[in-house]
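# Inside the fold
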Amino acid sequence: MSHRTHLLGFPRIGAKRELKALLESHWKHELDEAALLQGAKALRQKHWLLQKGAGVALSPVGDFSLYDHVLDAQLLVGAVPPRFGFDAAALTTAQYFELARGNRDQPALEMTKWFDTNYHYLVPEWQADTAFAAQPQRLLAQVREARALGMAAKPVLLGPLSLLWLGKAKGAAFDKLALLPGLIAAYRELLAALRAEGVEWTQLDEPILALDLAPAWRDAFAPAYAELSPHAPKLLLATYFGGVAEHAAWLKALPVAGLHLDLVRAPEQLDAFAPGYPADKVLSAGVIDGRNIWRADLSALLQRLAPLAEQLGDRLWLAPSCSLLHCPFDAAAETALDAELKNWLAFAVQKLNELNTLQRGLAQGRAAIASELAGSDFAREQRRASPRSHDPAVARRLAELPEHADRRASAYPIRAEKQQAWLKLPPLPTTTIGSFPQTPAIRASRAAFKKGELAAADYQAAMEQEIELAIRRQEALGLDVLVHGEAERNDMVEYFGEQLAGFAFTQGGWVQSYGSRCVKPPLIYGDVSRPAAMTVSWARYAQSLSAKPVKGMLTGPVTILQWSFVRDDLPRSEVCRQIALALNDEVRDLEAAGIRVIQIDEPAIREGLPLKRGQRDGYLAWAGEAFRLSSHGVDDATQIHTHMCYSEFGDILPAIAALDADVITIETSRSDMALLADFGRFHYPNAIGPGVYDIHSPRVPTAQEIRALLRKALQVIPAERLWINPDCGLKTRGWPEVEAALAAMVAVGRELRQTLAHTA
């Protein structure tokens with residue numbers, strides 16, 4: 001009996017971030033289009049052959065993207081926003097990147113988080129008259145590529161309901177579902193082309209099924225798939241990131257050839273699907289964790305899968321829970337990692353091997369995989385018993401926290417008055433989010449220091465020189481609250497994790513965040529504490545250079561948690577509280593060093609929100625407590641900022657307000673300040689800095705654009721509580737575009753101050 005193994009998707013950036021190098025060389029005009037496409041093709045084929053060698057029976061095709069798979073899905077159905085003026089049928093590679101990154105005339109497509117991950121997707125734009133037309137050529141070309149290598153290709157497409165739901169309606173209000181008939185017609189044509197090509201199976205991803213869907217959306221699935229199935233290859237409908245047990249009855253009746261379930265995030269849902277599972281359908285069991293890096297418990301999985309295998313026979317397929325896009329590439333490459341800790345890990349390549357082991361165990365019996373089971377059992381027991389995972393002092397500190405330790409001494413209006421008494425800021429104060437360009441010189445100094453090629457004193461001198469440069473340029477631009485620029489930081493989470501106990505780091509554990517942007521999440525394997533100050537000396541030095549206030553910059557506890565690979569032997573809430581107390585030590589030391597404006601960034605707080613509404617209140621309670629714990633005990637006159645970006649906040653504004661930050665800065669420029677309407681309706685009580693230009697695009701905004709956004713902001717936010725700032729940090733940009741954009745921002749701020757003064 002053979003149980004097929006397959007993947008929902010694979011990391012596309014490559015083992016050594018080859019795709020990043022290709023893209024950035026092309027954008028710098030160092031690599032022409034032909035070389036870019038050939039390099040991407042070679043990387044794609046290398047990944048297919050790796051999967052084939054690991055015994056994967058069906059390899060995904062179409063999961064490899066030059067920028068974003070949701071953008072690719074839009075293009076497959078010819079849905080190019082008309083504001084760009086591009087012909088979907090003749091879209092060039094250059095135009096593809098303009099959709100993602102913007103151009104001289106148009107800002108890029110809005111970007112937001114992919115469900116509760118740290119991946120960012122480009123948001124489709126729908127209008128009432130959006131027309132669809134199938135454009136299958138690129139996908140068919142990849143199918144032929146895979147076949148030429150001897151691969152059994154399984155095209156992967158974002159399903160039509162999820163694609164439609166993930167987009168935003170533009171222009172006059174209309175019901176997005178009105179577009180579904182035209183979209184289904186385009187999908188029908190796409191799937192018919194794949195069938196004509198001889199494709200046996202096609203995967204349609206419908207992750208929105210893990211959400212609380214409105215009845216109209218839920219009821220649209222059956223007729224939509226009834227229309228698609230007769231024209232398509234065998235369809236595997238894939239759900240992930242949560243349970244879909246409430247949909248089990250109608251999903252089992254849906255006219256598709258198979259269903260994929262995420263049995264890592266929601267193992268209990270199998271109880272709703274296994275009884276009476278249709279005899280004509282495949283069940284793909286997502287049992288290998290596609291979102292984390294710990295080795296699977298193969299013995300437990302084999303025992304759990306055995307009855308299902310007996311029931312379904314070869315209709316049981318084995319897979320990761322979701323696309324391996326969210327995992328690093330290969331743990332075997334981590335030659336510098338502690339041997340014991342390394343033995344606990346499984347990256348994407350190791351997960352392929354775990355799938356293969358499970359497949360062989362089910363087919364041939366436990367004896368056939370005895371050595372693999374022994375290795376899995378040993379790693380699990382070693383990790384459970386390791387003293388490096390537990391610090392009694394951390395547990396004591398949490399247990400001894402006084403009641404209401406997470407509350408500020410006074411309410412915001414009292415604090416704001418005390419803060420303004422010493423800050424003496426003008427109306428509409430200007431600031432930035434924290435980071436300034438990470439130039440080649442900065443990266444070279446940091447790399448040399450890490451390799452031991454640069455002495456600590458020389459490294460410190462180099463970083464202080466960069467800090468002074470950032471301070472002087474901000475003063476010249478006329479910004480009101482300065483930042484030190486974060487020259488010393490490699491990544492906003494990695495930098496802190498490297499200095500906190502309980503964290504470990506990899507050499508090549510990169511995952512894609514968006515486009516060519518990759519992050520290397522820390523591994524939280526043990527109890528968290530702060531052995532020594534992490535930012536104080538840099539902040540103190542920066543403040544010594546200017547009479548203007550300089551913000552201390554920290555990454556918040558929820559974001560450190562969300563953007564790390566977190567231990568799975570403790571509740572996430574407890575790990576987050578540990579991080580919060582470690583950060584509180586840093587906040588107190590910054591305050592004592594004279595840094596009285598402190599920003600605790602929480603861009604990931606919305607990202608961590610459970611997909612089901614019924615589970616959200618509990619998460620928001622502990623996430624909010626963790627944020628407040630990180631700043632507990634500070635003086636009323638110390639101003640606490642936080643920053644959030646690229647997420648929708650409208651449905652959790654009470655929880656955002658409950659963070660009680662003195663100032664919140666948020667991303668709003670790509671959405672044309674649409675988010676501020678929610679803040680206005682809610683009457684958000686504290687100060688807000690809505691981003692006035694998109695830092696993820698190289699495009700420099702005009703003063704006219706910034707002015708228009710700020711005028712919208714002033715309609716809903718009182719001037720005395722409105723700050724002016726970019727959308728996010730400026731780390732990825734170059735100094736010329738940064739200075740041009742900030743100069744325009746400051747100039748508009750001064751102009752509006754004069755207008756306000758004249759009106760008053």
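Residues numbered from 1 in each chain as written. Predicted model: local features only at pLDDT ≥ 70, side-chain atom pairs only at ≥ 80, totals over all residues. Heavy atoms only, no water.

Time to look at helix α18 (residues 456-477). The end-to-end C-alpha distance of α18 is 32 Å, a good match for the 32 Å that 22 residues give at a rise of 1.5 Å each. Taken together, the buried positions of α18 are Y459, A462, M463, E466, I467, A470, I471, Q474 and L477. On its buried face, α18 sits against α17 (440-450), β12 (482-483), α20 (536-544), β17 (550-555) and α27 (735-759). Looking one or two residues past α18, G478 carries a phi angle of roughly 95°, positive in sign. (Helix = DSSP H or I, 4+ residues; strand = E, 2+ residues; numbered from the N terminus. Expected span 1.5 Å × (residues − 1). Buried < 20%, exposed > 50% of the residue type's maximum accessible area, 1.4 Å probe, protein only. Contact = heavy atoms within 4.5 Å.)

This part takes up the pairing of strand β21 (residues 663-666). The alternating pattern of β21 places V663 and T665 on one face and I664 and I666 on the opposite face, and all of these are buried. Across four bridges, strand β20 (residues 639-644) lies against β21 in parallel orientation. Bridging across to β21, H643 finds its partner in T665. (Pairing = 2+ DSSP bridges.)

Glancing now at the domain arrangement of the chain. Split into domains, the chain comes out as domain 1 (4-385) and domain 2 (434-439 + 469-759). With centres defined by C-alpha atoms, the gap from domain 1 to domain 2 works out at 31 Å. The interface is formed by 55 residues belonging to domain 1 together with 42 residues belonging to domain 2. Approximately 4100 Å² of surface area, both sides summed, lies buried where domain 1 meets domain 2, with 53% of it carried by carbon and sulfur atoms. Interface area lost by domain 1 to domain 2 is led by M111, N118 and D212, which between them contribute 15%. Where domain 1 packs against domain 2, one counts four salt bridges. Across the pair R613 and D212 runs a salt bridge, and its minimum N-O distance is 3.8 Å. On the surface where domain 1 and domain 2 come into contact, there are 20 residue pairs in polar contact (both at pLDDT 80 or more). Among the elements of the structure, α1 (18-27), α4 (93-101), β2 (111-113) and β3 (120-122) are those that each provide at least two residues to the side of domain 1 that touches domain 2. (Domains from an automatic or database assignment. Buried area = accessible area lost by both parts, 1.4 Å probe. Salt bridge = Lys/Arg side-chain N within 4 Å of Asp/Glu carboxyl O. Polar contact = N/O pair within 3.5 Å; in protein donor to acceptor, adjacent residues only side chain to side chain.)

Turning to α4, a few remarks are in order. Within α4, seven of the nine residues are buried, leaving the element largely enclosed by the surrounding structure. Looking only at α4, the buried set comprises T93, Q95, Y96, F97, L99, A100 and R101. Where α4 is buried, its residues contact α1, α2 (33-53), α3 (69-76) and β3.

This paragraph deals with the sheet that holds strand β18 (residues 565-566). Taken in spatial order, the three strands make up an open sheet running β13-β16-β18, and their pairing is mixed. The open sheet has two edge strands, β13 (501-504) and β18, and neither has a second partner. Taken together, the three bridges between β13 and strand β16 (residues 523-529) define a ladder with antiparallel strand orientation. Considered in β16, the bridge of A501 is made with S529.

Ranked by size, the top nonpolar core spans 103 residues in total, and within it V77, W114, L161, L163, Y225 and L358 carry the most contacts. With nine residues, the single largest contributor to this core is helix α7 (residues 180-196). Apart from residues no more than four positions distant in its own chain, L163 is found in contact with V70, A73, Q74, V77, P124, W126, L158, L183 and Y187. The next biggest cluster of nonpolar side chains, apart from the first, holds 98 residues, and it includes L428, L500, L581 and I717. (Core = buried A, V, L, I, M, F, W, Y, C linked by side-chain atoms within 4.5 Å.)

The strand order β12-β17-β19-β20-β21-β22 describes an open sheet built from six strands, whose pairing is parallel. Edge positions in the open sheet fall to β12 and β22 (687-690), since each of these has one partner strand only. Along the sheet, helix α22 (residues 572-592) makes contact with β17 and β19 (597-601), crossing β17 at roughly 170°. (Axes fitted to C-alpha atoms, helices over the stretch in contact; angles between N-to-C directions.)

Right, let's get into the pattern of salt bridges. It is possible for side chains of opposite charge to pair when their charged atoms get near one another. Throughout the structure, instances matching the rule amount to 46 salt bridges. Between D406 and R407 there is a salt bridge whose closest N-O contact spans 3.7 Å. Between D480 and R753 there is a salt bridge, and its shortest N-O distance comes to 2.5 Å. With D480 in the loop between α18 and β12 and R753 in helix α27, this residue pair connects regions lying 273 residues apart in the sequence. There is no split in this pair, since D480 and R753 are both buried. A cluster of three or more residues bridged by salt bridges with shared partners is formed by R408, R415, D660 and D662.

Moving on: the packing of aromatic side chains. Scanning all chains against the criterion turns up 17 aromatic pairs. Arranged with centres 5.7 Å apart and planes meeting at 65°, the rings of W126 and F132 form a pair that is edge-to-face. Plain terms: the ring middles of Y495 and F496 are 5.3 Å apart, the flat faces sit at 90° to each other, and that makes the pair edge-to-face. According to the relative accessible area criterion, Y495 is buried, its value standing at 7%. In this arrangement the basic side chain of R473 is found over the ring face of W735, its NZ or CZ atom lying 4.3 Å from the centre. (Phe/Tyr/Trp six-rings, centres within 6.5 Å; stacked < 30°, edge-to-face > 60°. Lys NZ or Arg CZ within 6 Å of the ring centre and 35° of its normal.)

Next up on the list: the environment of E206. Along the chain, E206 turns up in the loop between β7 (201-205) and α8 (215-228). For E206 and A238, which are 32 residues apart along the polypeptide, the C-alpha to C-alpha distance reads 5.9 Å. With near-sequence residues (within four places) excluded, E206 lies in contact with G159, P160, L161, S162, F221, Y225, L237, A238 and T239. In terms of polar contacts, E206 uses its side chain to reach the side chain of S162, at 2.7 Å. Side-chain polar atoms of E206 contact the side chain of Y225, separated by 2.7 Å.

On to the packing of α1 against α2, then. Two elements in contact, α1 and α2, have axes whose closest approach is 10 Å; the angle formed by their N-to-C orientations is 175°. Relative to α2, the element α1 is oriented roughly antiparallel. Contacts between α1 and α2 involve E18, L19, L22, L23 and H26 from the former and E33, L36, G39, A40, L43 and K46 from the latter. In terms of residue class, the contact of α1 with α2 is built from six nonpolar, two polar and three charged. (Parallel < 35°, antiparallel > 145°, perpendicular 65-115°, else oblique. Nonpolar A, V, L, I, M, F, W, Y, C, P; charged D, E, K, R; others polar.)

Counting through the fold element by element, L254 comes out in the loop between α9 (248-253) and β9 (258-262). Residues within four places of L254 in sequence aside, it is in contact with F221, A222, Y225, L237 and K281.

Before going further, it helps to examine the UniProt feature "binding site: L-homocysteine" (unreviewed entry) in the chain. As recorded in UniProt, the sites labelled "binding site: L-homocysteine" (unreviewed entry) are I433, G434, S435, E486 and D601. These annotated residues cover 169 residues of sequence, and their C-alpha atoms lie no more than 13.4 Å from one another, placing them together at a single site. One can find G434 in the loop between α16 (412-423) and α17. Residue classification places G434 among the buried positions, given a relative accessible area of 0%. Mapped onto the secondary structure, E486 falls in the loop between β12 and α19 (494-497). Sequence-distant contacts of E486, defined by excluding residues within four places in its chain, comprise G434, S435, Q438 and M553. (UniProt positions renumbered as here; feature names shortened; annotations may be inferred.)

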